[in-house]
Amino acid sequence: MINVGLYYRVKKGHEEDFEKAFQGVINFLKTFPGFIDAKLYKRVDDPQEYLIYSEWDSLDTFRRFISSREYKDTTGYGKSILEGMPKHKVLQEINT
């Protein structure tokens, strides 16, 4: 299993747009084989900053998602409401 942190800074006044777009993506992800879960977080002291924390059964599954038309459509729209480029970090769970 892997976890992915997707960090976004949203243009002022577009916070609700971003949150609605996330809901659309999560509806698609629920049908995507290998997707486990995702949660949206908003930074408490800076409400324009968001984290989407997602869980996947494998890195290959996540790569298939970011190659999908749905992901590309969402990121295309996102360019109009985001400040700068999002940052993504892929993490692997380590259990000892």
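Since we're looking at a predicted model, the values are computed, not measured.

The rules we used
Residues numbered from 1 in each chain as written. Predicted model: local features only at pLDDT ≥ 70, side-chain atom pairs only at ≥ 80, totals over all residues. Heavy atoms only, no water. Phe/Tyr/Trp six-rings, centres within 6.5 Å; stacked < 30°, edge-to-face > 60°. Helix = DSSP H or I, 4+ residues; strand = E, 2+ residues; numbered from the N terminus. Buried < 20%, exposed > 50% of the residue type's maximum accessible area, 1.4 Å probe, protein only. Lys NZ or Arg CZ within 6 Å of the ring centre and 35° of its normal. UniProt positions renumbered as here; feature names shortened; annotations may be inferred. Contact = heavy atoms within 4.5 Å. 1 Å grid on protein atoms, 1.4 Å probe; cavity = no way out; pocket = protein on both sides within 12 Å on 5 of 7 lines; lining within 4 Å. Points joined across faces, edges and corners; volume = space filled by probe spheres on them. Nonpolar A, V, L, I, M, F, W, Y, C, P; charged D, E, K, R; others polar. Expected span 1.5 Å × (residues − 1). Arc of directions from axis to C-beta.

Engineer: How would you summarise the packing of aromatic side chains if you had to cite specific residues and measurements?
Structural biologist: Evaluated as defined, the whole model comprises ten aromatic pairs. Summarising the aromatic geometry, the rings of F32 and W56 are spaced 6.2 Å apart at their centres and angled 85° between planes, so their arrangement reads as edge-to-face. In this pair, F32 sits in the loop between α1 (15–29) and β2 (35–42) while W56 sits in strand β3 (residues 49–56), placing the two residues 24 residues apart along the sequence. For F32, a relative accessible area of 14% translates into the label buried. Classification of W56 as buried rests on a relative accessible area of 1%. Centre to centre, the rings of F35 and W56 are 5.3 Å apart; their planes meet at 70°, and the pair counts as edge-to-face. Within this pair, whereas F35 is found in strand β2, its partner W56 is found in strand β3, the two being separated by 21 residues in sequence. In terms of burial, F35 and W56 fall into one category: buried. A cation over a ring is seen here: K89 above Y7, with NZ or CZ 5.7 Å from the ring centre.

Engineer: Give me the UniProt feature "domain: ABM" (unreviewed entry) in the protein chain: which residues, what numbers.
Structural biologist: Here, UniProt's "domain: ABM" (unreviewed entry) annotation points to residues 2–90. Along residues 2–90 the backbone is 37% helical and 31% strand, and the end-to-end C-alpha distance reaches 7 Å.

Engineer: Quick rundown of the side chain of Q48? Include the residues and the values.
Structural biologist: Within the fold, Q48 resides in the loop between β2 and β3. By relative accessible area, which is 11% here, Q48 ends up buried. If we ignore the near neighbours within four places in the chain, the residues touching Q48 are Y8, R9, V10, K11, K12, E15 and E83.

Engineer: Can you tell me about the layout of surface pockets, naming the residues and giving the values?
Structural biologist: Looking at the largest pocket, its volume works out to about 460 Å³. Lining the largest pocket are 26 residues; nearest its centre among them are Y8, Y71, T74, T75 and L82. Mapped onto the lining of the largest pocket, the elements with two or more residues apiece are β1 (2–9), α1, β3, α2 (59–66) and α3 (69–78). Of the residues belonging to the lining of the largest pocket, the class tally is 18 nonpolar, five polar and three charged. Considered as a void within the structure, the second largest pocket measures approximately 230 Å³ in volume. Around the second largest pocket, the lining comprises 13 residues; the ones closest to its centre are Y7, Y8, R9, E49 and Y50. The set of elements that each furnish at least two residues to the lining of the second largest pocket consists of β1, β3 and β4 (87–92). A breakdown of the residues in the lining of the second largest pocket according to their chemical character gives six nonpolar, one polar and six charged.

Engineer: Pulling in residues and values, what's your account of α1?
Structural biologist: The end-to-end C-alpha separation of α1 is 21 Å, in line with the 21 Å expected for 15 residues at 1.5 Å each. Restricting attention to buried positions, one finds in α1 the residues E15, F18, F22, V25, I26 and L29. Buried residues in α1, looked at end-on, bunch into an arc of 100°, giving them a common side. Seen from the open side of α1, the exposed residues pointing more than 90 degrees away from its buried face are E16 and K20.

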